[in-house]
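Tertiary structure, described
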Amino acid sequence: LGLARAGRAVVQARRQGYLGREIFGTAFDFDIEICESAGASIGGEETSLLNVLQGRRGAARPRPPFPAVSGLWGRPTLIHSLETLANIPLLVRPEEHSAGANPAGTKVVCVSGAVSIPGVAEVPLGTPLSEVINGIAGGCTDGEALAAHLGGPGGVTLARDRFHTTVDFGSLRSLGGDLGTGSLLVLGTSSCPVALARFLVDFCAEESCGTCPPCRIGTRVILDLLDRVGSGEAEAADLDRLERLCQHVRRTSLCELGRRTSSSVITGLEYLRSSYESHLSGRGCPTGSCRPSDDRRACRIESTSGMVELSR
Ligand code: SF4
């Protein structure tokens, strides 16, 4: 649906003269071409995106050279997200866009999970999480919220006592995370942070392009350790091992997908360690949420092959 709408918008803009050659009688030429990828998450990583655009398998490239030096077809290339481009008018003509608003700008957040009013909201940067969860989203539907996960699969999981954290780039970076996609998942007291971390690591493992061993192999071992925790087989030493492995994968992976794969585990162990410890030594998951996946695959080749581009 998004692809169809974006395509229609480009056609309309071209018809109206906003795109093309000599725009509105000036010497300025500008155009937009939309390329459809095979749909894997790794295709959004900047160097993987370049490979996809060139009809290759969606796998990250080692850097240097950085895309600004050698990118698409070996030429200097600037890569931006849609959100960055959407913010350019605010930078070029701030007086037309920020009247009465927070001068730091806003961020679109998508609130889901155990809240009364899930949905998308644009909040001023600097808004405390507690205000987003209890105000805009109408509060937790499961008593008091246990935790919140911010920033999508590679994001951070914060306990309730961190809800004074503000929605902005610096605050989350200091906690080891990033605003990322702006997704905010609220966990009630009947949710399990270990089960959530396992779900998110499993997603990242499925999306791994398999180029570098820390991500390709490390995420599988992290999943095995999380399964041991979830089933009650793990002991306290396994949590230390899990933490060390997550940090190692974060330090040594080639691209951001691998570096962020274990963020939910690292922050979960830091801010919600008692939830992990409550599973240990035969006790298992107190909420019954932890279940090992039974459909794990070795590599999501079909999504990262770039066949959509090659078949054109
Ligand atoms: S970190 Fe993962 S996704 Fe990134 S290049 Fe390595 S294997 Fe591929």
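Presented here is a report on the structure given in the accompanying data block. (Residues numbered from 1 in each chain as written. Predicted model: local features only at pLDDT ≥ 70, side-chain atom pairs only at ≥ 80, totals over all residues. Heavy atoms only, no water.)

1. Some thoughts on the pairing of strand β4 (residues 147-150)
Burial along β4 is two-sided: A147 and H149 facing one way and A148 and L150 facing the other are all buried. Of the strand pairs in this sheet, β4 and strand β5 (residues 156-159) are connected by 4 bridges, and their pairing is antiparallel. Bridge pairing links L150 to V156 in β5. As judged from the 4 bridges shared by β4 and strand β7 (residues 183-187), these two strands associate in the antiparallel manner. Paired with H149 across the strands is L185, a residue of β7. (Buried < 20%, exposed > 50% of the residue type's maximum accessible area, 1.4 Å probe, protein only. Helix = DSSP H or I, 4+ residues; strand = E, 2+ residues; numbered from the N terminus. Pairing = 2+ DSSP bridges.)

2. Observations concerning unusual backbone geometry
In this model, R63 is joined to P64 through a cis peptide bond whose omega is 0°. Considering the arrangement of structural elements, one finds P64 in the loop between α2 (46-53) and α3 (82-92). Residue P65 follows P64 across a cis peptide bond; omega there is 5°. The topology assignment puts P65 in the loop between α2 and α3. At F24, a residue that is not glycine, the phi angle is positive and equals roughly 50°. Among the structural elements, F24 can be located in the loop between α1 (2-15) and α2. At W73, a position not held by glycine, the phi torsion is positive, near 55°. With respect to the helices and strands, the residue W73 is situated in the loop between α2 and α3.

The analysis is restricted to geometry; functional conclusions fall outside its scope.
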